[in-house]
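Working through the structure, step by step
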Amino acid sequence: GPDDSLYAASSPQGKLLRIGSDGKARELCAFAETYVWDMVADRNGNMLVATGTPARIYRVSPATRKKELLYGSDKESHFLCLAVNSAGTLFFGSSGLGALYKKEENRETRLLFDTYEDEISAITIARDGAVCFATASQRGRRLGQVGSVSIVGSIIGALIVWWVFDMMKTRAQT
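Residues numbered from 1 in each chain as written. Predicted model: local features only at pLDDT ≥ 70, side-chain atom pairs only at ≥ 80, totals over all residues. Heavy atoms only, no water.

**Overview of the pairing of strand E13 (residues 131–136)**
The sheet contact formed by strand E12 (residues 119–125) and E13 spans six bridges and is antiparallel. By the bridge assignment, Ile120 is partnered in E13 with Thr135. In textbook terms, the turn of a hairpin is the stretch between consecutive antiparallel strands, and for E12 and E13 this stretch comprises five residues, one of which, Gly129, has a positive phi near 95°. (Pairing = 2+ DSSP bridges. Helix = DSSP H or I, 4+ residues; strand = E, 2+ residues; numbered from the N terminus.)

Have a look at this one:
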């Protein structure tokens, strides 16, 4: 974490824990939401936390234990994954609509991309600043069925998003 501590989360109780150098876990804060899916440190030393049931994004200060709601959605079931770029912009993915969101400091959260899948399960920021993500779908699947259509859709979706971000980056440089 931002203060050289190890952070962990518990589910289904929805707690954020800080594990100190003594190896003891201490509760940093508790959430009303059932699940804590992901967490990442921001540039200011806060922990950003993605929760589910319901879908919420929080900023937690390890120093003060203050918890601030950054974004919530009643249209989504869960926010599953987070990534922060070098400018401090937060990107997060959902389960429900399978959407990619962007939250810049002191700006409104906006929907960047609807994948037509059930969820965005992972996000990473490439060295060149490109936002990359993985999707998953459970629609119409039977146990043991390979989701080849879902995989193809995810690859096409990722290529489209890469192309959109590459175009945005090119326009910003000109």
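**Quick word on the nonpolar core**
Counting residues in each nonpolar core, the largest one holds eleven residues, listed as Leu48, Ala50, Ala55, Ile57, Leu70, Phe79, Leu82, Leu90, Phe92, Ala99 and Tyr101. Elements with a minimum of two residues in this core: strand E5 (47–52), strand E6 (55–60), strand E8 (78–84), strand E9 (90–95) and strand E10 (99–103). Not counting the four nearest positions on each side in its chain, Leu82 is found in contact with Asp38, Met39, Val40, Leu48, Val49, Ala50, Ile57, Leu90, Phe91, Phe92 and Ile123. Counting residues in hydrophobic clusters, the runner-up holds ten residues, among them Cys29, Phe31, Val36 and Val49. (Core = buried A, V, L, I, M, F, W, Y, C linked by side-chain atoms within 4.5 Å. Buried < 20%, exposed > 50% of the residue type's maximum accessible area, 1.4 Å probe, protein only. Contact = heavy atoms within 4.5 Å.)

**Remarks on the sheet that holds strand E3 (residues 25–30)**
As summarised here, the arrangement of the three strands in space is E1-E2-E3, forming an open sheet in which the pairing is antiparallel. This sheet does not close on itself; its edge strands, each paired only once, are strand E1 (6–10) and E3. The mean angle between the axes of side-by-side strands here comes to 30°, regardless of whether they run parallel or antiparallel. Pairing of E1 with strand E2 (residues 15–19), which is carried by five bridges, proceeds in the antiparallel orientation. Paired with Leu6 across the bridge in E2 is Ile19. (Axes fitted to C-alpha atoms, helices over the stretch in contact; angles between N-to-C directions.)

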